[in-house]
Amino acid sequence: MKDKKEPIRIKNLSWSYGKERILDDINITFFKSGLYGIIGPNGSGKTTLLKSISRSLMPKENVVFLGDRDITVFSNKELARNIAYVPQDIYFEFEFSVMDIVLMGRSPYLKRFHSESEYDMETAKNAMQITNTWHLREKNIAEISGGERQRVIIARALAQGTGIMLMDEPVSQLDIQHQVEILGIIKRLTEDKGMIAILSLHDLNLASQYCDHLILLSKGRVLKQGSPQEIITEGNISKVYNTKVHIFENPFTGRPYIIPFSN
Amino acid sequence: MVFIKKRSHIKYMLLISIILLIVLMVLSATFGVADISFVNAVKILSRKLPLIGEFISSAGIDETHARIIVDLRLPRILLSALVGAGLAVVGAALQGMFKNPMADPYVLGISSGASLGATIALVVGGSYSFLGVGIITVFAFFGSVLTALCVYNIAKVGNKIPTITLLLSGIAVSFMLSAMVSIIMIFNRSHVEKIIFWTMGSVSAASWNQVGFLLPIILISVCTIISFSRDLNVMSTGEETAKSLGIEVEKVKKSIIFMCSVMVAACVSVSGVIGFVGLIVPHSIRLIVGYDHRVVLPFSAVGGAAFMVICDTIARSAVPPVEIPVGVITSIFGAPYFIYLLYKSKKKVF
């Protein structure tokens, strides 16, 4: 898990569904470890951007690079050993145990007829301890709470042993206790394990509190990227979200804090 | 329960259930008009085994009985076991892949293709045979293979097979082919009875040739599908997630669809359309052993085989000399049992 990560570079990424252009000439480099937040209004292209990096949507050649290599040349398995991707909606129709779900994170390392080894078990256990889900291991995934399920999904992504983790709206369905808990876990992973975590977030205040670096999308383009102080400004936010806002400095963190006005 | 902990336990249980299945098959061989005892049935059968066969005395064995068991009952029992195992595994795999509890082996329209093939063969003249296998079987097999190819290509978008398109094109093709069968029946009234009996499903025409045809197909396909168990597990938590976990989702889907189509085509072509096995056996197995495909698939194979052997024994011995089509028995006995399981567990099947 240590320092396996390679930088991600995105060069002139565009994406269209039919005639509608969703992403337009995106250029971003994720180089250092840290927590990166992708923010922007609904329909600004956050999910499509994450999908293009995770190759859930196959980008064109020579657009997204992992290290020096074009992402389109990786096999699924090889990519899964480098990038973990957690989509927004995960439903579990099948009632697996939490342990079985987390062990699925080891799939990219297993050959067809092989079964999970001791090492895979240890890795899964470790991932579950970090996310505080070890005590749930025998439970049925359908019977635990939303906050617990999200932690289990993070444990599975962690068991993948990648240096890069992409998550689409990981906290939008949770209450504040669990939002803070999940973002705290992800933040610690970037600090302790030197991971690159790229999250799309709806809640601008949470994004401002937790992220090291923000990317503000508007209509499929990167409007600005930088530290929360540089991005969360009255000018930027009211322009992109078309809403008047007040911005204060959060006295506890020194990060910007937004209060929207209603007209 | 966590799979890895119960792995050795599961192997043990599977072995026991296979032994029970064999006992069940021998027991089934004693049922029928000719009264043959269990001990004699065991003797007759073990005489045929290599190595052990030499030491079995033939004392007290009526050679007519031996011929009834070896030439008539045994191929029929084996054939029903193979058909049951094949259909149940296909059902389990497709339910997992489509994440749809209503999926069964006939969802891709393969059975209608087989029906059309068999109908044409019955009307044209069903007495020819090809490499020892009846022309009806041959036509049904090619009918189903062609239908599977057709459904697959309709559903294909670029290099991908979206699940919903596949299900819908299967249903559409299935209705069209059924309509064609109806039209043929209307213009060939004299064959209607034979056609209807064929579509009800039966293994009464079983022969060693058919067993020889079905055995390798079922064995290879079942093992191949079981080898995809872990991939199916991951895919059942979402295709997008599965892809991000390194599973070659489209390749796995194509392989499973291919294996399932071949198996269903082979089963249907020897036995007609036997309903319900592929739907309820996997569900019942899941209610007992859980959702992990590494457990569900092998147990479905054994469970499907046992279920079909029981149903076919009832079909041929309940009201002699009348043969009840086994497809009718599977539904009459399968449906209430399934309702009982649902009621008892009060747990959602999916």
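Cut-offs used in this document
- Residues numbered from 1 in each chain as written.
- Chains lettered and ligands numbered in written order.
- Predicted model: local features only at pLDDT ≥ 70, side-chain atom pairs only at ≥ 80, totals over all residues.
- Heavy atoms only, no water.
- Helix = DSSP H or I, 4+ residues; strand = E, 2+ residues; numbered from the N terminus.
- Expected span 1.5 Å × (residues − 1).
- Buried < 20%, exposed > 50% of the residue type's maximum accessible area, 1.4 Å probe, protein only.
- Phe/Tyr/Trp six-rings, centres within 6.5 Å; stacked < 30°, edge-to-face > 60°.
- Lys NZ or Arg CZ within 6 Å of the ring centre and 35° of its normal.
- Patch = residues over 30% accessible without salt bridge, like charges linked within 9 Å, V, L, I, M, F, W, Y side chains within 5 Å.
- Areas by Shrake-Rupley, 256 points an atom, 1.4 Å probe, with all protein chains shown as cover.
- Salt bridge = Lys/Arg side-chain N within 4 Å of Asp/Glu carboxyl O.
- pLDDT = per-residue confidence, 0-100.
- Pairing = 2+ DSSP bridges.
- Contact = heavy atoms within 4.5 Å.
- Polar contact = N/O pair within 3.5 Å; in protein donor to acceptor, adjacent residues only side chain to side chain.
- Nonpolar A, V, L, I, M, F, W, Y, C, P; charged D, E, K, R; others polar.
- Core = buried A, V, L, I, M, F, W, Y, C linked by side-chain atoms within 4.5 Å.

A. Helix α1 (residues 7-30) of chain B, seen in detail. Residue and element names in this part refer to chain B. Between its first and last C-alpha atoms α1 spans 35 Å; for 24 residues at 1.5 Å apiece the expected length is 34 Å, and the two agree. Where α1 is concerned, the buried positions are Ile10, Ser17, Leu21, Met25, Val26, Ser28, Ala29 and Thr30. With its phi angle positive at about 140°, Gly32 sits one or two positions after the end of α1.

B. Molecular detail of the packing of aromatic side chains. Following the criterion strictly, the structure yields six aromatic pairs over all chains and no others. Their ring planes at 75° and their centres at 5.6 Å tell us that Phe94 of chain A and Tyr291 of chain B sit as a pair that is edge-to-face. With Phe94 of chain A in the loop between β6 (83-86) and α3 (98-103) and Tyr291 of chain B in the loop between α12 (277-289) and α13 (293-317), the pair connects residues from two separate chains. What makes Phe94 of chain A buried here is its relative accessible area of 1%. Overall, the relative accessible area of 4% leaves Tyr291 of chain B in the buried class. Judged by centre distance (5.7 Å) and plane angle (80°), the rings of Phe141 of chain B and Phe213 of chain B are edge-to-face. With a gap of 72 residues between them, Phe141 of chain B in helix α5 (residues 135-155) and Phe213 of chain B in helix α8 (residues 208-227) connect regions that are remote in the sequence. Three or more aromatic residues link up through ring pairs in this structure, and these residues are Phe94 and Phe96 of chain A together with Tyr291 of chain B. Across from the ring centre of Phe65 of chain A, 5.2 Å away, lies the NZ or CZ of Arg9 of chain A, which sits over that ring.

C. Expanded view of a nonpolar patch on the surface. Residue and element names in this part refer to chain B. A cluster of nonpolar side chains, namely Leu15, Ile19, Val23, Leu27, Phe31, Phe38 and Val42, defines an oily patch on the protein surface of about 590 Å² accessible area. Sorting the residues of the nonpolar patch by element identifies α1 and α2 (38-47) as the ones contributing at least two each. With four residues, the single largest contributor to the nonpolar patch is α1. As for its position among the elements, Leu15 is in helix α1. Look at Leu15 and you get exposed, because its relative accessible area is 51%.

D. Region of interest: the confidence of the model for chain B. All names here are of chain B. With 92% of its residues at a pLDDT of at least 70, chain B reaches an overall mean of 85. Across chain B, the secondary-structure element scoring lowest on mean pLDDT is strand β1 (residues 129-130), at 62, and the one scoring highest is α13, at 94. Here the prediction assigns the complex a pTM of 0.87, and the interface score ipTM is 0.86.

E. Representation of the pairing of strand β8 (residues 196-200) of chain A. Residue and element names in this part refer to chain A. Burial runs high along β8: five of the five residues are buried. Burial of the side chains of β8 extends over both faces: Ile196, Ile198 and Ser200 are buried on one face and Ala197 and Leu199 on the other. As judged from the five bridges shared by strand β3 (residues 34-39) and β8, these two strands associate in the parallel manner. Counted as the bridge partner of Ile38 is Ser200 from β8. As judged from the five bridges shared by strand β7 (residues 164-168) and β8, these two strands associate in the parallel manner. Residue Met167 lies in a different strand from β8, and its bridge partner there is Leu199.

F. The arrangement of the interface of chain A and chain B in detail. With 37 residues of chain A in contact, the opposing surface of chain B contributes 34 residues. The tally of links from chain A across to chain B stands at three salt bridges. Across the pair Lys51 of chain A and Glu240 of chain B runs a salt bridge, and its minimum N-O distance is 3.4 Å. For the pair chain A and chain B, the interface holds 14 residue pairs in polar contact (both at pLDDT 80 or more). Mapped onto the side of chain A that touches chain B, the elements with two or more residues apiece are α2 (76-80), β6 and α3 of chain A. Looking at the side of chain A that touches chain B residue by residue, the classes come out as 16 nonpolar, nine polar and 12 charged.

G. Geometry of the nonpolar core. Phe98 and Trp198 of chain B are the most contacted members of the largest nonpolar core, which totals 162 residues. Ranked by residues supplied to this core, first place goes to helix α3 (residues 63-98) of chain B with 19 residues. Those residues in contact with Trp198 of chain B that sit more than four places away from it in its chain are Ala114, Ser115, Ala118, Leu122, Ile136, Ala140, Val268, Ser269, Gly272 and Val273 of chain B. Ranked by size, the runner-up nonpolar core spans 29 residues in total, among them Ile22, Ile38, Ile71 and Ile198 of chain A.

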